[in-house]
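Architecture and fold: a report
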Amino acid sequence: MTVEIDQSRFENLAFDVHDDGVWVVTLNRPTKRNALDLATIDELVDFFATAPRAGVKAVVLAGSGDHFCAGLDLIEHHDADRSPADFMHVCLRWHEAFNKMEYGGVPVIAALQGAVVGGGLELASSAHIRVMDQSTYFGLPEGQRGLFTGGGATIRVADLVGKARMIDMMLTGRVYQGQEAVDLGLAQYIVEGSSMDKAMDLACRAAQNLPLTNFAICSAISHMQNMSAFDAAYSEAVVAGVVNTQPAARERLAAFADKTAARVRPNS
């Protein structure tokens, strides 16, 4: 059953809904460089928990203003003066939001610009595809702030760049940008113009895929990476059995069989 996303409930996220099922979701706290307070995290949980059941075919995640996301709202954190238990539960809420992004089954393409640091990098690393422009820079300044990552960097960022590079970023404040950031895996695309344009192009392409196929790509692969090779092989076979026999795929397979489907060609 399809559910409806009530956009009026959201204060820190802005939406632009396209007819092809692509939703542009924008962090809308530009005066805070889109820092993540607990209210914004709650809205991310709300949206990404509902998106798979609301007919959302792909998401472009962006930040308003000059920056994607500067990470944890340090002013809120300072003023709240949380106990260890309180902040543990804040971190668990972050994990809930980012897990719903990575494992929810809806393709998420992050359009990056400016600061992608700390919790902003944790957020971006939860997306399936990241597009950066020439202004984008990545950092993990927790070491200099007297903090430690709490939103999944030890899992996702370390997976992207490796343990040693992540430790270096945290200990020394090292910043990555430009082609070097792409080469390390922090983004898959770098563009001269707007990262939004490229992200929209990728989202529109992904939205043309069958939803069940996208669900498997954007959920099952991450789950399988957490398994032993033996269990992952079994799970892959089960998922392929379901996805590759879906009735909606018959028309596409028929087009391939009668040579009317587009063929894979080398880049020109």
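First, a word on scope: everything that follows refers to the structure included in this document. None of the values given here were measured: they were computed from a predicted structure.

A separate point is the sheet that holds strand E5 (residues 115-117). As a general point, the strands of a sheet are linked pairwise by backbone hydrogen bonds and lie either parallel or antiparallel. In space, the three strands of this open sheet follow the order E5-E7-E8, with mixed pairing throughout. Every interior strand has two partners, whereas the edge strands, E5 and strand E8 (176-177), have only one. Looking at chain direction, E5 and strand E7 (residues 137-139) are connected through three bridges and run parallel. Bridge pairing links Val116 to Phe138 in E7.

Our focus in this paragraph is the packing of aromatic side chains. In total, this model carries six aromatic pairs according to the counting rule given. For the pair Phe15 and Trp23, a centre-to-centre distance of 5.7 Å together with 75 degrees between the ring planes defines the contact as edge-to-face. For Phe15, a relative accessible area of 17% puts it in the buried group. Among the residues examined, Trp23 registers a relative accessible area of 8% and is labelled buried. Consider the rings of Trp23 and Phe47, whose centres lie 5.7 Å apart with planes at 45 degrees: the pair is tilted. One end of the pair, Trp23, is in strand E2 (residues 22-27); the other, Phe47, is in helix H1 (residues 38-50), and 24 residues separate them in sequence. Aromatic rings pair up to connect Phe10, Phe15, Trp23, Phe47 and Phe48 into one cluster.

Let us look at the packing of helix H10 (residues 211-225) against helix H11 (residues 229-243). Between H10 and H11, the shortest axis-to-axis distance is 11 Å and the interhelical angle comes to 175 degrees. Judged by the inter-axis angle, H10 sits roughly antiparallel to H11. Residues Leu212, Thr213, Ala216, Ala220 and Met224 of H10 form the contact with H11, whose own contacting residues are Ala232, Ser235, Glu236, Val239, Val242 and Val243. For the contact of H10 with H11, the class distribution of residues is eight nonpolar, two polar and one charged.

Along the chain, Gly104 falls in the loop between helix H3 (84-103) and strand E4 (108-112). According to the relative accessible area criterion, Gly104 is buried, its value standing at 15%. Taking C-alpha positions, Gly104 is 7.1 Å from Phe48, a pair spaced 56 residues apart along the chain.

This part takes up the sheet that holds E2. Taken together, six strands build an open sheet; the order of strands is E1-E2-E3-E4-E6-E9 and the sheet is mixed. The open sheet terminates on both sides in strands that have one partner only, identified here as strand E1 (13-17) and strand E9 (189-190). Taken together, the six bridges between E2 and strand E3 (residues 58-63) define a ladder with parallel strand orientation. Within the sheet, the bridge partner assigned to Val22 lies in E3 and is Ala58.

We now examine the pairing of strand E6 (residues 129-132). Sheet analysis places E4 next to E6, joined by four bridges and oriented parallel. Note that in E6 the partner of Ala111 across the bridge is Val131. Note: E6 against E9, two bridges, orientation parallel. Counterpart to Val131 in the pairing with E9 is Tyr189.

Conventions adopted
- Residues numbered from 1 in each chain as written.
- Predicted model: local features only at pLDDT ≥ 70, side-chain atom pairs only at ≥ 80, totals over all residues.
- Heavy atoms only, no water.
- Pairing = 2+ DSSP bridges.
- Helix = DSSP H or I, 4+ residues; strand = E, 2+ residues; numbered from the N terminus.
- Phe/Tyr/Trp six-rings, centres within 6.5 Å; stacked < 30°, edge-to-face > 60°.
- Buried < 20%, exposed > 50% of the residue type's maximum accessible area, 1.4 Å probe, protein only.
- Axes fitted to C-alpha atoms, helices over the stretch in contact; angles between N-to-C directions.
- Parallel < 35°, antiparallel > 145°, perpendicular 65-115°, else oblique.
- Contact = heavy atoms within 4.5 Å.
- Nonpolar A, V, L, I, M, F, W, Y, C, P; charged D, E, K, R; others polar.

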